Amino acid sequence: MGSTQTRVTPQDIPVEEAQRLREQAVRALTLRLGDSELELSDGARGLLVEMFDRLAKGESVLVVSADEMLSTQQAADLLRVSRPTLVKMLEDGVLPFERPGTHRRVSRRALQEFLDDRAERRARALEEFAATEDPSDTDDYVTTR
């Protein structure tokens, strides 16, 4: 269950340096590492900009492996639910989990997939709800019952 993570703080990259690097990252098309030059995708550039932006604001950044296994309390905190609610979700099969010993563990990747799927389900439900509106109805509100 080895957690792969790296913490970067304003002590590692001072605020002024982070501001300078953020400005360069916004415009960067490539990244030079020693003698090698790598082309930056939009996603990679966005991650660098966000990291330097947070450091420029004096915040720390934690880079964590997506395969990291979380305790039920850590997973509950990320979902903003109580630990008993998370355990019920696990037991109901809403989220996959492992039990390497006596404790349940949830992968960070599974948690992120659940959050992404939940956002998509909400968007679809809102679209379906909006489609039920009668365009001839001129009321300023929607009757739900």
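I will try to describe carefully the structure that is included in this document. (Residues numbered from 1 in each chain as written. Predicted model: local features only at pLDDT ≥ 70, side-chain atom pairs only at ≥ 80, totals over all residues. Heavy atoms only, no water.)

**Notes on the side chain of S71**
Now for step 1: Relative to the helices and strands, S71 resides in the loop between β5 (69–70) and α3 (72–79).
Now for step 2: Its relative accessible area of 18% is what places S71 among the buried residues. (Helix = DSSP H or I, 4+ residues; strand = E, 2+ residues; numbered from the N terminus. Buried < 20%, exposed > 50% of the residue type's maximum accessible area, 1.4 Å probe, protein only.)

**Some remarks on a nonpolar patch on the surface**
Now for step 1: On the surface, L31, L33 and L38 cluster together to form a nonpolar patch covering roughly 240 Å² of accessible area.
Now for step 2: Structurally, the position occupied by L38 is in strand β3 (residues 36–39). (Patch = residues over 30% accessible without salt bridge, like charges linked within 9 Å, V, L, I, M, F, W, Y side chains within 5 Å. Areas by Shrake-Rupley, 256 points an atom, 1.4 Å probe, with all protein chains shown as cover. Salt bridge = Lys/Arg side-chain N within 4 Å of Asp/Glu carboxyl O.)

**A closer look at the environment of F129**
Now for step 1: Considering the arrangement of structural elements, one finds F129 in helix α5 (residues 108–131).
Now for step 2: With 124 residues separating them along the chain, F129 and Q5 place their C-alpha atoms 41 Å apart.

**Some thoughts on α5**
An α-helical turn contains 3.6 residues, so any two residues separated by three or four positions project in the same direction.
Now for step 1: Across its 24 residues, α5 extends 35 Å between first and last C-alpha, which sits within 8% of the 34 Å expected from 1.5 Å per residue.
Now for step 2: Looking at α5, one finds that the buried residues are A110, L111 and F114.
Now for step 3: Among the structural elements, β5, α3, α4 (83–91) and β6 (106–107) are those in contact with the buried residues of α5. (Expected span 1.5 Å × (residues − 1). Contact = heavy atoms within 4.5 Å.)

**Thoughts on the pairing of β3**
Now for step 1: Here four bridges tie strand β2 (residues 30–33) to β3, and the two strands are oriented antiparallel to one another. Bridge pairing in β3 places T30 opposite E39.
Now for step 2: The hairpin formed by β2 and β3 contains two residues between the paired strands, and G34 there has a positive phi angle of roughly 65°. (Pairing = 2+ DSSP bridges.)

**Here's the deal with the pattern of salt bridges**
Now for step 1: All chains considered together, the criterion is met by 13 salt bridges.
Now for step 2: Taking the shortest distance from any N to any O, the salt bridge between E59 and R54 comes out at 3.2 Å.

**Structural notes on the layout of surface pockets**
Now for step 1: In this structure, the largest pocket encloses a volume near 300 Å³.
Now for step 2: If you trace the largest pocket, you find it lined by L47, L48, E50, M51, R54, V61, L62, V63 and V64.
Now for step 3: Elements represented by at least two residues in the lining of the largest pocket include exactly α2 (42–56) and β4 (61–64).
Now for step 4: Of the residues forming the lining of the largest pocket, the biggest block, five residues, is contributed by α2.
Now for step 5: Counted by class, the lining of the largest pocket contains seven nonpolar, no polar and two charged residues. (1 Å grid on protein atoms, 1.4 Å probe; cavity = no way out; pocket = protein on both sides within 12 Å on 5 of 7 lines; lining within 4 Å. Points joined across faces, edges and corners; volume = space filled by probe spheres on them. Nonpolar A, V, L, I, M, F, W, Y, C, P; charged D, E, K, R; others polar.)

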